[in-house]
Amino acid sequence: MQAAQDLADAVRTGLAERADPMKAPEMRAYMRSEMDFLGVQKPARRELTREIFRAHPLPDRESFTEAVLTLWRDAKYREERYVALDLTGDRAYARWLDSESLELYDELIVTGAWWDYVDEIAVRRVGPILRAEPEVLKPRLRDWAADADLWRRRTAVICQIGSKDATDTSLLSKTIELNVADKDFFLRKGIGWALREYAKTDPGWVRQFVTTHPGLSSLSQREALKHL
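Residues numbered from 1 in each chain as written. Predicted model: local features only at pLDDT ≥ 70, side-chain atom pairs only at ≥ 80, totals over all residues. Heavy atoms only, no water.

Caption draft 1: View of the overall build of the protein chain. For the protein chain, the helix and strand inventory stands at 13 helices and 0 strands. At 19 Å, the protein chain has a C-alpha radius of gyration in line with the 17 Å of a compact globule built from 228 residues. Taken along its principal axes, the extent of the C-alpha atoms in the protein chain is 55 × 40 × 30 Å. Per-residue burial for the protein chain yields a buried fraction of 50% across its 228 residues. Restricting the contact set of the protein chain to residue pairs at least 6 apart, pairs at least 24 apart contribute 71%. When the accessible surface of the protein chain is split by element, carbon and sulfur atoms take 49% of a total near 11,300 Å². For the protein chain, the distance from the average site of its 36 positive side-chain charges to the average site of its 38 negative ones is 6 Å. (Helix = DSSP H or I, 4+ residues; strand = E, 2+ residues; numbered from the N terminus. Rg over C-alpha atoms; globule rule 2.2 N^0.38 Å. Buried < 20%, exposed > 50% of the residue type's maximum accessible area, 1.4 Å probe, protein only. Contact = heavy atoms within 4.5 Å. Areas by Shrake-Rupley, 256 points an atom, 1.4 Å probe, with all protein chains shown as cover. Lys, Arg positive; Asp, Glu negative; His and termini not counted. Charge placed at Lys NZ, Arg CZ, Asp CG, Glu CD.)

The structure is reproduced here in structure tokens:
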């Protein structure tokens, strides 16, 4: 689709023009990234995406999905994938933030396989879809919570961060309980983060959950009770 390709080409040209070779190694080291960086920091990237997204509107869901996947799959630099995520969060395409896009986000989660990608998708993409379409998303998230893929599991655990009173505590409990024995740092940290954020809404529920789940790792417990 030409509209998607034009947008992707403009993104790559714009990123190359803003590249900072002095910053790139520092950014790569911080993120422990196998993929190279261009050295384009977030403020410059945001300025670029505002300009390009306005100049290259995508007329339908198919071209939107194609643009995201073109930037993602063909990326040589991590910033290209950041722009792909920025595109999924652009207000112009909010109407496609729904369960029909879940397969797209699933691919980004599994192939991204690192916290900087996955946390953005989990909290800001999957979470809103869950709140809008709970009957569609809950069975899928229960499956993800028991999946072999670490990042699907982390997504299932943390996707309700920010849901506040709309948090489905039954789902939160289930996704944590399925992973409570896992020794992976990112899962343990994610469990603690999810509980800590919900504690801002219902501290009593979180205290009770921690008390009744002694199998929680010390890391998860510390994070959960951090502000209580």
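Caption draft 2: The arrangement of the side chain of His213 in detail. Inspection of the secondary structure puts His213 in the loop between helix 12 (203-212) and helix 13 (218-224). A polar contact of 3.1 Å, which involves the side chain of His213, links it to the side chain of Thr212. (Polar contact = N/O pair within 3.5 Å; in protein donor to acceptor, adjacent residues only side chain to side chain.)

Caption draft 3: Quick peek at the pattern of salt bridges. Scanning the entire structure with this criterion turns up 24 salt bridges. With a shortest N-O distance of 3.6 Å, Glu120 and Arg124 are connected by a salt bridge. Taken together, the positions of Glu120 and Arg124, both in helix 7 (residues 115-132) and 4 residues apart, correspond to about one turn of that helix. We classify Glu120 as partly exposed; its relative accessible area is 25%. Within the structure, one salt-bridge network assembled from shared partners comprises Glu103, Asp106, Arg140, Asp147 and Arg152. (Salt bridge = Lys/Arg side-chain N within 4 Å of Asp/Glu carboxyl O.)

Caption draft 4: Looking closely at the packing of aromatic side chains. Considering all chains together, one arrives at 12 aromatic pairs under this definition. Here Tyr93 and Trp96 contribute two aromatic rings whose centre-to-centre distance is 5.7 Å and whose plane-to-plane angle is 10°, an arrangement assigned as stacked. Overall, Tyr93 belongs to the buried group, its relative accessible area being 3%. Residues Trp114 and Phe186 carry aromatic rings whose centres are separated by 5.1 Å and whose planes lie at 65° to one another, so their mutual orientation is edge-to-face. In this pair, Trp114 sits in the loop between helix 6 (102-112) and helix 7 while Phe186 sits in helix 11 (residues 185-199), placing the two residues 72 residues apart along the sequence. Aromatic ring contacts, followed pair by pair, group Phe37, Trp72, Tyr82 and Tyr117 into a single cluster. (Phe/Tyr/Trp six-rings, centres within 6.5 Å; stacked < 30°, edge-to-face > 60°.)

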